[in-house]
Amino acid sequence: MELELRHLKTIRAIADAGSLTRAATALGLAQPALSTQLKRIERALGGPLFERGRQGVRATALGELVLARARIVLPAVSELQQEAVRFARTWDRRGELTIGGTHGPLLGGLVDRLADSAPGQRVSTRTSWSEREIAEYVVAGRLDFALIGACGVAPPPGGGTLVWREVAVDPVFVMLADSHPLAGRSEVELADLAAEDWTDVPGDGCFADCFAAACARAGFTPAGVYETDTASCVHLVQVGRAVGLCRATFPTTPGMVTRPLTGSPLTWRHLLGWHPAAQPAQPASSVFTQTCAAHATAAARSDSYTAWLTRPDGRDRGHNTGQRVN
């Protein structure tokens, strides 16, 4: 029997699990089948790889040698496969730019600006609630750029594989029905909303935890949170069923107002990411410049954000940075 990658994966799984039972479960195999497979691998390699005991399995000297090589070979082969797939997909899409984003006003603005600046360039998009999913698509070569957000100083997804540039840092605003008692204020204390139900869009970052922590600092726990799509969030706010959280760039909308929270207890960073092996510096720089311009346009369309930016404290916090995040 010749040694194959799947055999190395089996050896690694057994070592990581510490027992044949747990390894069989992780691999989706019956334990007798895994034991039989391990015996065949050991015969091919010339000796036992694991010592069996009451506490599980432990690698022998030969097992440690094989594991050391496996932990080099398997990641290298995985990286080779990812790069090959990325190259093939990028080559197949030459002449087309693909951008993934979480739901928000910047993706549409970016597409519009790219269409104006390069009329012959085909642009396609993909949206998801998951920042991690969008980043994974860029890593795999299925997307050229990721336009996502991150709460506060949270690191972006992608495991350090992608280059991330910070487009802007915005405060998080609150959405109120235009008939809400606090709608006439220029800003709202978070503590004054302690009795309200809330609504927000889903995501897999740390925003929900950051919001809960901000509420705790303000002395309360949210009564309830409706996690739903943007249109439903707006509806729940307009009919007075909930107050909502939104990016400061949220456009002016009939039936509701957006207001800054006093002291900006929550912030949102807009990030543009790409794979350095797939994107030359010049195209990436051009897309980043257009993304910053799309953010400036979105900010200008929000009356409440424009008013906030004219305040001395607002000018210091809502801005385009261009900072590299990793």
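Residues numbered from 1 in each chain as written. Predicted model: local features only at pLDDT ≥ 70, side-chain atom pairs only at ≥ 80, totals over all residues. Heavy atoms only, no water.

Q: Quick question: what am I supposed to make of the UniProt feature "domain: HTH lysR-type" (unreviewed entry) in the protein here?
A: UniProt's entry tags residues 3-60 with the feature "domain: HTH lysR-type" (unreviewed entry), counted in the numbering of this structure. As a span, residues 3-60 carries 62% helix and 14% strand, and end to end its C-alpha atoms are 18 Å apart. (UniProt positions renumbered as here; feature names shortened; annotations may be inferred. Helix = DSSP H or I, 4+ residues; strand = E, 2+ residues; numbered from the N terminus.)

Q: Which parts of the structure should I look at to understand the nonpolar core?
A: Most often, soluble globular proteins have nonpolar side chains that are buried together. Ranked by internal contacts, the top residues of the largest apolar core, which has 21 residues, are Val-174, Leu-176, Leu-190, Leu-193, Trp-198 and Phe-207. Mapped by element, the contributors of at least two residues to this core are strand 6 (163-177), helix 7 (207-217) and strand 9 (243-247). In terms of residue count, the dominant contributor to this core is helix 7 (four residues). Once you skip the residues sitting within four places of it in the chain, Leu-190 turns out to touch Trp-198, Ala-214, Cys-215, Ala-218, Phe-220, Leu-261 and Pro-265. Leu-114, Ala-168, Ala-284 and Phe-288 belong to the second-largest nonpolar core, a separate cluster that totals 19 residues. (Core = buried A, V, L, I, M, F, W, Y, C linked by side-chain atoms within 4.5 Å. Buried < 20%, exposed > 50% of the residue type's maximum accessible area, 1.4 Å probe, protein only. Contact = heavy atoms within 4.5 Å.)

Q: Explanation requested: a nonpolar patch on the surface in the structure shown.
A: On the surface, Leu-5, Ile-72 and Val-73 cluster together to form a nonpolar patch covering roughly 250 Å² of accessible area. Mapped onto the elements of the fold, Ile-72 is located in helix 4 (residues 61-92). Ile-72 sits in the exposed class, given a relative accessible area of 59%. (Patch = residues over 30% accessible without salt bridge, like charges linked within 9 Å, V, L, I, M, F, W, Y side chains within 5 Å. Areas by Shrake-Rupley, 256 points an atom, 1.4 Å probe, with all protein chains shown as cover. Salt bridge = Lys/Arg side-chain N within 4 Å of Asp/Glu carboxyl O.)

Q: Where do I start with the environment of Gln-290 in this structure?
A: Topologically, Gln-290 is positioned in helix 9 (residues 281-301). In this structure the C-alpha to C-alpha distance between Gln-290 and Leu-3, which are 287 residues apart in sequence, comes to 51 Å. Not counting the four nearest positions on each side in its chain, Gln-290 is found in contact with Leu-110, Arg-113, Leu-114 and Ser-117. For Gln-290, the side chain forms a polar contact with the side chain of Arg-113, separated by 3.0 Å. (Polar contact = N/O pair within 3.5 Å; in protein donor to acceptor, adjacent residues only side chain to side chain.)

Q: Can you help me understand helix 9 in this one?
A: Residues lying three or four places apart along an α-helix face the same way, a consequence of the helix completing one turn every 3.6 residues. Between its terminal C-alpha atoms helix 9 stretches 31 Å, which fits the 30 Å expected from 21 residues at 1.5 Å a residue. Of the positions making up helix 9, those classed as buried are Ala-284, Val-287, Phe-288, Gln-290, Thr-291, Cys-292, Ala-294, His-295, Ala-298 and Ala-299. (Expected span 1.5 Å × (residues − 1).)

Q: For this particular structure, what's the right way to read the state of the cysteines?
A: As used in these notes, a disulfide is a covalent bond between sulfur atoms, one from each of two cysteines. Summed over all chains, the structure comprises zero disulfides. Cys-206 carries a free sulfur, and the closest cysteine sulfur to it, the one in Cys-210, is 3.7 Å from it. Its relative accessible area of 26% is what places Cys-206 among the partly exposed residues. The cysteine Cys-210 is free of any disulfide, with Cys-151 supplying the nearest cysteine sulfur at 3.2 Å. (Disulfide = S-S within 2.5 Å.)

Q: When you look at the environment of Leu-261 in this model, what are you seeing that I'm missing?
A: With respect to the secondary-structure elements, Leu-261 resides in the loop between strand 10 (256-260) and strand 11 (267-274). A C-alpha to C-alpha distance of 57 Å links Leu-261 and Glu-64, two positions 197 residues apart in sequence. Excluding residues that lie within four positions of it along the chain, Leu-261 makes contacts with Val-172, Val-174, Val-188, Leu-190 and Leu-193.

Q: Teacher, can you tell me more about the packing of helix 1 (residues 5-17) against helix 3 (residues 31-45) here?
A: Two elements in contact, helix 1 and helix 3, have axes whose closest approach is 11 Å; the angle formed by their N-to-C orientations is 115°. If you check the angle between helix 1 and helix 3, you find them roughly perpendicular. The crossing of helix 1 and helix 3 is left-handed. In contact with His-7, Thr-10, Ile-11 and Ile-14 of helix 1, helix 3 contributes Leu-34, Gln-37, Leu-38, Ile-41 and Leu-45. (Axes fitted to C-alpha atoms, helices over the stretch in contact; angles between N-to-C directions. Parallel < 35°, antiparallel > 145°, perpendicular 65-115°, else oblique. Left-handed = near helix turned anticlockwise from the far one by under 90°.)

Q: Which parts of the structure should I look at to understand the packing of aromatic side chains?
A: The relative placement of two aromatic rings is captured by the distance of their centres and the angle of their planes. What the rule picks out here adds up to six aromatic pairs. Pairing Phe-173 with Tyr-305 gives two aromatic rings, centres 5.9 Å apart and planes at 90°, and the pair type is edge-to-face. A residue pair is termed long-range when its members are at least 10 positions apart, and Phe-173 in strand 6 and Tyr-305 in helix 10 (residues 303-309) qualify at 132 residues. For Phe-173, a relative accessible area of 0% translates into the label buried. Between Phe-207 and Trp-268, the ring centres sit 5.8 Å apart and the planes meet at 80°, which makes this aromatic pair edge-to-face. Taken together, the residues Phe-207 in helix 7 and Trp-268 in strand 11 connect sequence positions 61 residues apart. By the burial criterion, Phe-207 is buried, and Trp-268 matches it. (Phe/Tyr/Trp six-rings, centres within 6.5 Å; stacked < 30°, edge-to-face > 60°.)

Q: I keep staring at the pairing of strand 1 (residues 50-53) and nothing clicks. Help me out?
A: On a regular strand, one side chain projects to one face of the sheet and the next to the other, so that they alternate. Relative to strand 2 (residues 56-59), strand 1 runs antiparallel, the two being bridged by four bridges. Its bridge partner lying in strand 2, Glu-51 is registered against Arg-58. (Pairing = 2+ DSSP bridges.)

Q: Can you help me understand the pattern of salt bridges in this one?
A: Where charged atoms from two side chains of opposite charge come close, those side chains can pair. Taken as a whole and assessed by the stated rule, the structure comprises seven salt bridges. Its salt-bridge partner being Asp-16, residue Arg-71 comes within 2.9 Å of it at the nearest N-O pair. Placement of Arg-71 in helix 4 and of Asp-16 in helix 1 is noted, with a sequence separation of 55 residues between them. With a relative accessible area of 41%, Arg-71 lands in the partly exposed category. A salt bridge links Asp-192 to Arg-185; the nearest nitrogen and oxygen atoms lie 2.7 Å apart.

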